[in-house]
Amino acid sequence: MSFLVWLEQTGLSVWIREAQTLWAFPFVLFLHTLGLGVVGGLSVALNLWILGFASRHSATPLRSLFPFIWVGFAINLLSGVLLLVAYPTKALTDPVFYLKIALIVAALFHLEWLRRSVLAGLGHGQSLEVGAGIRALSVASILLWAGAVLTGRLLAYTYNYMTAAALLAG
């Protein structure tokens, strides 16, 4: 509990939460949305390709998406930490937050598995042969990203305590 109180009273936390400028909370939230659009959007696009929605195109260029995906994830991670610093009690006392993190971790593990085992061996212009198992994993990955977006949105509504002071007041 004392950690939450301390974190909420740091200059960075107070500034992000209370500054009357677009460069504080609104900008951090914008970055979080932008990062999600990149990492989640490109991951879903890649999985849709695997499911056959763009199979007429070569899979080789898909490997070049991964640096963009990881940049999007880095933006999400940094902005997510800043959002956590702004409202640590709100997030860390909400089970939905932990579900969101678990969904993201699972989606990222699938993404890296896909890069290493499915796309790594492709030669230039070579088409990708995917079986039912890989297709099922691609559907699961899309559902993981959808779940991450849903739980992220739900965090605005499912918390019990906004601040440590509210938690202490009970």
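As the structure is a prediction and not an experimental result, all values here were calculated from the model. (Residues numbered from 1 in each chain as written. Predicted model: local features only at pLDDT ≥ 70, side-chain atom pairs only at ≥ 80, totals over all residues. Heavy atoms only, no water.)

## Comments concerning the overall build of the protein chain
No. 1: Per the secondary structure count, the protein chain includes eight helices and zero strands.
No. 2: Starting at the N terminus, the α and β elements of the protein chain follow one another as α-α-α-α-α-α-α-α.
No. 3: By its C-alpha atoms, the protein chain is 60 × 30 × 20 Å across when sized along the principal axes.
No. 4: Taken over 170 residues, the protein chain has a buried fraction of 36%.
No. 5: Contacts in the protein chain between residues at least 24 apart in sequence constitute 83% of all its contacts with a sequence separation of at least 6.
No. 6: Total accessible area computed for the protein chain in this model is approximately 9500 Å², and 72% of it derives from carbon and sulfur atoms.
No. 7: Each charge sign in the protein chain was given a centre, from 9 positive and 5 negative side chains, and these centres are 9 Å apart. (Helix = DSSP H or I, 4+ residues; strand = E, 2+ residues; numbered from the N terminus. Buried < 20%, exposed > 50% of the residue type's maximum accessible area, 1.4 Å probe, protein only. Contact = heavy atoms within 4.5 Å. Areas by Shrake-Rupley, 256 points an atom, 1.4 Å probe, with all protein chains shown as cover. Lys, Arg positive; Asp, Glu negative; His and termini not counted. Charge placed at Lys NZ, Arg CZ, Asp CG, Glu CD.)

## What about the nonpolar core?
No. 1: In this structure, L46, L62, F66, L108, L111, L119 and W145 are the most contacted members of the largest nonpolar core, which totals 20 residues.
No. 2: If one sorts the elements of this core by residue count, helix α6 (residues 95-119) sits on top with eight residues.
No. 3: Excluding anything up to four places from it in sequence, L108 contacts V39, W70, F73 and W145.
No. 4: Formed by six residues, the second largest nonpolar core is a distinct cluster that contains I16, V28, L83 and A86. (Core = buried A, V, L, I, M, F, W, Y, C linked by side-chain atoms within 4.5 Å.)

## Quick word on helix α4 (residues 66-86)
No. 1: Compared with the 30 Å implied by 1.5 Å per residue over 21 residues, the 30 Å span of α4 between its first and last C-alpha is a close match.
No. 2: What α4 keeps buried is the set F66, I69, G72, N76, S79, L82, L83, V85 and A86.
No. 3: Tucked into the core, α4 has its buried residues touching α1 (2-9), α2 (11-18), α3 (25-50), α5 (88-92) and α6. (Expected span 1.5 Å × (residues − 1).)

## Thoughts on the environment of D94
No. 1: Along the chain, D94 turns up in the loop between α5 and α6.
No. 2: Residue classification places D94 among the buried residues on the basis of a relative accessible area of 2%.
No. 3: Taking the C-alpha atoms as reference points, D94 and L155, 61 residues apart in sequence, are found 7.7 Å from one another.
No. 4: When sequence neighbours within four positions are dropped, the list of residues in contact with D94 reads L155, T158 and Y159.
No. 5: Looking at D94, its side chain comes within polar contact range of the side chain of T158, at 2.6 Å. (Polar contact = N/O pair within 3.5 Å; in protein donor to acceptor, adjacent residues only side chain to side chain.)

## Some thoughts on the layout of surface pockets
No. 1: Roughly 890 Å³ of volume is contained in the largest pocket.
No. 2: Lining the largest pocket are 29 residues; nearest its centre among them are H32, L83, K100, G152 and L155.
No. 3: Put simply, the parts of the chain that give the lining of the largest pocket at least two residues each are α3, α4, α5, α6 and α7 (132-158). (1 Å grid on protein atoms, 1.4 Å probe; cavity = no way out; pocket = protein on both sides within 12 Å on 5 of 7 lines; lining within 4 Å. Points joined across faces, edges and corners; volume = space filled by probe spheres on them.)

## Topic: α6
No. 1: The end-to-end C-alpha separation of α6 is 35 Å, in line with the 36 Å expected for 25 residues at 1.5 Å each.
No. 2: The opening residue of α6 is D94, an N-cap whose side-chain oxygen sits 3.0 Å from the backbone nitrogen of V96.

## Some thoughts on the side chain of E112
No. 1: With respect to the secondary-structure elements, E112 resides in helix α6.
No. 2: With relative accessibility at 17%, the residue E112 sits in the buried group.
No. 3: A distance of 2.4 Å separates polar atoms of two side chains, one belonging to E112 and the other to R115.

## With respect to the packing of aromatic side chains
No. 1: What the rule picks out here adds up to six aromatic pairs.
No. 2: Judged by centre distance (5.9 Å) and plane angle (35 degrees), the ring pair of F3 and W6 falls under tilted. Pair noted here: F3 and W6 are both in helix α1, with a separation of three residues, about one helical turn.
No. 3: Overall, the relative accessible area of 49% leaves F3 in the partly exposed class.
No. 4: The exposed category is assigned to W6, whose relative accessible area is 53%.
No. 5: When the centroid spacing of 5.9 Å and the interplanar angle of 90 degrees are considered together, the rings of W70 and F73 count as edge-to-face. Of this pair, W70 and F73 both sit in helix α4, three residues apart, roughly one helical turn.
No. 6: In this structure W70 comes out as partly exposed when scored by relative accessible area, which is 31%. (Phe/Tyr/Trp six-rings, centres within 6.5 Å; stacked < 30°, edge-to-face > 60°.)

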